[in-house]
Amino acid sequence: MRGSKGGCRESRGIEIEWNAGGREAGEESGVLRPAAFGQKVWTSWWLSVATVATIPAGNRFGHQAVRRGNARLMRLGQIRAVLPQVDVLQTAGLSSREGLRVRGIAYDSRRTMPGDLFVAIPGARANGLDFVADAVRAGATAVVVDRNAAPERARAEAGPGVLLLQVPDAREALARLAHAFHRQPSRKLDIIAVTGTNGKTTTAKMVQSILVEAGRHPAFFGTIGYEIGSRRLPAPNTTPASADLARLLREAVAEGHDAAVMEASSHALMQHRLTGVRLAAAAFTNLSRDHQEYHGDMESYFRAKRRLFEMLPPEAVAAVHVADPAGRRLADFVHRRGLALTTCGTEDAAVRAEQPRYDARGSRFYLRTPAGGREVRCEMPGPFNVANAVTAAAVAAALGTELDAIVAGIERLPPVPGRMERFVVPDAPAVVVVDYAHTHIALMNALLALAEARRQERAPGRLTVVFGCGGDRDPGRRPRMGRVAAEHADRVIVTSDNPRSEDPHAILRDILRGVAPGRDVEVEPDRRCAIRKAV
């Protein structure tokens, strides 16, 4: 391996910044100029960038980013109907018939405003109970605490003039209260949720595009941002917090949306962020190792994903990519529940891709559905993007969407930001492809797709990859990503990628443990320098 020798040499005066999207993504807009996949820009070698930047601390989405609702009168009886297992620790003088005027549902004491009902969420690093007094000073008139909160301490933190309620699960209570406060907006929309390890963003964007072609007006919530009407909001989380999601869905209804497409992360499903959302459809892409630092093992990770399909009401539909072993287990579960199931991804599935072809300009395949078949051209290359397209087609078909709209939605969707997104570097002999590959499977798929595109185009030069791994995330994926990069790229530059609370050099050492002895790998902790080295 080779390390960096001193400072970063300026190369051609190129400023290389971009927004690859997501909770770990930067908000800078790039100087790199996007290039269409059909543009002939092959030069001396290739570069795949599988790293992303961090959201600046001041650019977070929260209470201030959306309009607050009008004050609502919520009686104790109504609250009991929403939270049947609630215990009233103190009434603050309210009788069961009297109403509490609530202006909003808050879960962050720093953003609590007068008239809010504050829900104290117990977290991994902090307990919301510690901030109850701050929320009350900010104007909260009611407080909900978790069952693990000692009643005496909860009363002391809230003070005597505040309605104090205790529930078995504060996260679930937050979701149910928020949706009740915003008058159950998900019941006025067709909500389609996509889950899986890889491919959620691309699949969800394809579903959104298909719905548009079908004459629908869908909002979008995912890793690359939230879309309501003409607004584009940064996404601090792949799936919004439950209180934010309820408020955003209310705004989507007000903006005239009739549907919403969202990504459902495993964290969101475990943390009740989708509790209270009435789903019309759910789709599953695949499952591979990820988030082991949170779930502990793959079985727990699978069960977290399965929660989405446990939430489906009887009239909802499910689309499952059964080429994945976890998908086959999930399809069996959906079938046992008696839900309408559309399978995809295998030769005997209801929706499938036949005769797939890949090149630098994207992918072509024959889409076979229960309603017929059609040749499809997708602007995104690689077998994994064909799998994403098939999953999107399956959930759309399950919802009764016409084949013409399905094909048009896939074909007219441009490359999704940070997903095999190509850029041209002025005056540089390289094509730059940015892909938010955060698992070893995603990184391998991206590199194999680029290698195949090079072969199809007979492009000269080398395939170079610049990548890193985020801190405070599953350390087991780091050596796997190192091994994949060393096996499938001609040149590997390992760099830092949002170390969070960890030592960046320790993360780099973890990555290098997966590289075979004798394999030459360059190490450059400064990512700007690493990219400049590559281009």
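Residues numbered from 1 in each chain as written. Predicted model: local features only at pLDDT ≥ 70, side-chain atom pairs only at ≥ 80, totals over all residues. Heavy atoms only, no water.

A. Spotlight on the overall build of the protein. If you tally the helices and strands in the protein, you get 16 helices and 26 strands. In the protein, once contacts between residues fewer than 6 apart in sequence are set aside, the share between residues at least 24 apart is 72%. Of the accessible surface of the protein, which amounts to about 21,400 Å², a share of 48% is contributed by carbon and sulfur atoms. (Helix = DSSP H or I, 4+ residues; strand = E, 2+ residues; numbered from the N terminus. Contact = heavy atoms within 4.5 Å. Areas by Shrake-Rupley, 256 points an atom, 1.4 Å probe, with all protein chains shown as cover.)

B. The side chain of Thr391, seen in detail. If you trace the backbone, Thr391 turns up in helix H11 (residues 383-398). Setting aside its immediate chain neighbours within four residues, Thr391 contacts Thr203, Ala283, Phe284, Thr285, Ala319, His321 and Cys344.

C. Local environment of the packing of helix H4 (residues 170-181) against helix H6 (residues 242-254). The interhelical angle for the contact between H4 and H6, taken along N-to-C directions, is 15°, at an axis separation of 8 Å. Relative to H6, H4 is oriented roughly parallel. The two elements H4 and H6 cross, and the hand of that crossing is right-handed. Side by side, H4 and H6 meet where Arg171, Leu174, Ala175, Ala178 and His179 of the first sit next to Ser242, Ala243, Ala246 and Leu249 of the second. Its residues assigned to classes, the contact of H4 with H6 comprises 6 nonpolar, 2 polar and 1 charged. (Axes fitted to C-alpha atoms, helices over the stretch in contact; angles between N-to-C directions. Parallel < 35°, antiparallel > 145°, perpendicular 65-115°, else oblique. Left-handed = near helix turned anticlockwise from the far one by under 90°. Nonpolar A, V, L, I, M, F, W, Y, C, P; charged D, E, K, R; others polar.)

D. Spotlight on the packing of aromatic side chains. All told, the structure shown has 1 aromatic pair when counted by the stated rule. The residue whose ring lies beneath Arg306 is Phe333, and the NZ or CZ to ring-centre distance is 5.2 Å. Sitting above the plane of the Phe302 ring, Arg329 keeps its charged end 4.0 Å from the centroid. (Phe/Tyr/Trp six-rings, centres within 6.5 Å; stacked < 30°, edge-to-face > 60°. Lys NZ or Arg CZ within 6 Å of the ring centre and 35° of its normal.)

E. Examining unusual backbone geometry more closely. At Asp472, a position not held by glycine, the phi torsion is positive, near 60°. Position of Asp472 relative to the elements: it lies in the loop between strand S24 (463-467) and helix H14 (477-488). Since its relative accessible area comes to 22%, Asp472 is described here as partly exposed. Residue Asn498 is not a glycine yet carries a positive backbone phi of 50°. Topologically, Asn498 is positioned in the loop between strand S25 (491-494) and helix H15 (504-512). (Buried < 20%, exposed > 50% of the residue type's maximum accessible area, 1.4 Å probe, protein only.)

F. Highlighting the sheet that holds strand S10 (residues 163-167). The mixed open sheet is built from 5 strands, whose spatial order is S5-S10-S9-S8-S7. In the strand order of this sheet, the two ends are held by strand S5 (87-90) and strand S7 (104-106), each with one partner. The mean inter-strand angle of the sheet, taken between neighbouring strand axes irrespective of direction, is 25°. Note that S5 and S10 share 3 bridges and pair antiparallel. Looking at the pairing, Val88 lines up with Leu165 of S10. (Pairing = 2+ DSSP bridges.)

G. A look at the nonpolar core. Among the nonpolar cores identified, the biggest contains 40 residues, and Ile191, Phe221, Leu249, Leu308, Phe309 and Leu312 are the most heavily contacted of them. Per-element tally for this core: the top contributor is helix H10 (residues 325-337), with 5 residues. In this view, Leu312 contacts Leu279, Ala281, Ala282, Val317, Ala318, Arg337 and Leu339; residues no more than four positions away in its chain are not counted. Val194, Ala281, Val351 and Phe365 belong to the second largest nonpolar core, which has 35 residues in total. (Core = buried A, V, L, I, M, F, W, Y, C linked by side-chain atoms within 4.5 Å.)

H. Representation of the confidence of the model for the protein. Residues of the protein with pLDDT of at least 70 account for 86%, and the chain-wide mean is 87. In this model, residues 9-67 is a region of pLDDT below 50 whose contacts with residues beyond four sequence positions or in other chains number 203 contacts. (pLDDT = per-residue confidence, 0-100.)

I. Representation of the pattern of salt bridges within the structure. Tallied over the entire structure, the rule returns 33 salt bridges. Between Arg352 and Glu354 there is a salt bridge, and its shortest N-O distance comes to 3.2 Å. Arg455 is the salt-bridge partner of Glu452, the closest N and O atoms lying 2.7 Å from each other. Here the residue Glu452 and the residue Arg455 both occupy positions in helix H13 (residues 440-457), the gap between them amounting to 3 residues, near one helical turn. Judged by relative accessible area, Arg455 falls into the exposed class, the value being 54%. (Salt bridge = Lys/Arg side-chain N within 4 Å of Asp/Glu carboxyl O.)

J. Representation of H4 within the structure. Between its terminal C-alpha atoms H4 stretches 16 Å, which fits the 16 Å expected from 12 residues at 1.5 Å a residue. Judged by how many residues are buried, H4 sits mostly within the fold: 9 of 12 residues are covered. Burial in H4 covers these residues: Ala170, Ala173, Leu174, Ala175, Leu177, Ala178, His179, Ala180 and Phe181. Backbone nitrogen of Arg171 and a side-chain oxygen of the N-cap are separated by 2.9 Å at the start of H4; the cap is Asp169. Of the residues flanking the end of H4, it is Arg183, one or two places downstream, whose phi is positive at about 65°. (Expected span 1.5 Å × (residues − 1). Polar contact = N/O pair within 3.5 Å; in protein donor to acceptor, adjacent residues only side chain to side chain.)

K. Layout of the environment of Ile191. Relative to the helices and strands, Ile191 resides in strand S11 (residues 190-195). Since its relative accessible area comes to 0%, Ile191 is described here as buried. Leave out the neighbours within four places in its chain, and Ile191 touches Ser186, Leu249, Ala260, Met262, Val277, Arg278, Leu279, Ala280 and Ala281.

L. Seen up close, the sheet that holds strand S20 (residues 362-369). The sheet built from 3 strands is open, its strands ordered S19-S20-S21 with antiparallel pairing. On the outer flanks of this sheet lie strand S19 (352-359) and strand S21 (372-378), each paired with one strand and no other. Averaged over all neighbouring strand pairs, the angle between strand axes comes to 10°, with direction disregarded.

M. Layout of H14. For H14, built from 12 residues, the straight-helix expectation of 16 Å at 1.5 Å per residue is met to within 8% by its first-to-last C-alpha distance of 16 Å. Where H14 is concerned, the buried positions are Arg477, Arg478, Pro479, Met481, Gly482, Val484, Ala485 and Ala486.

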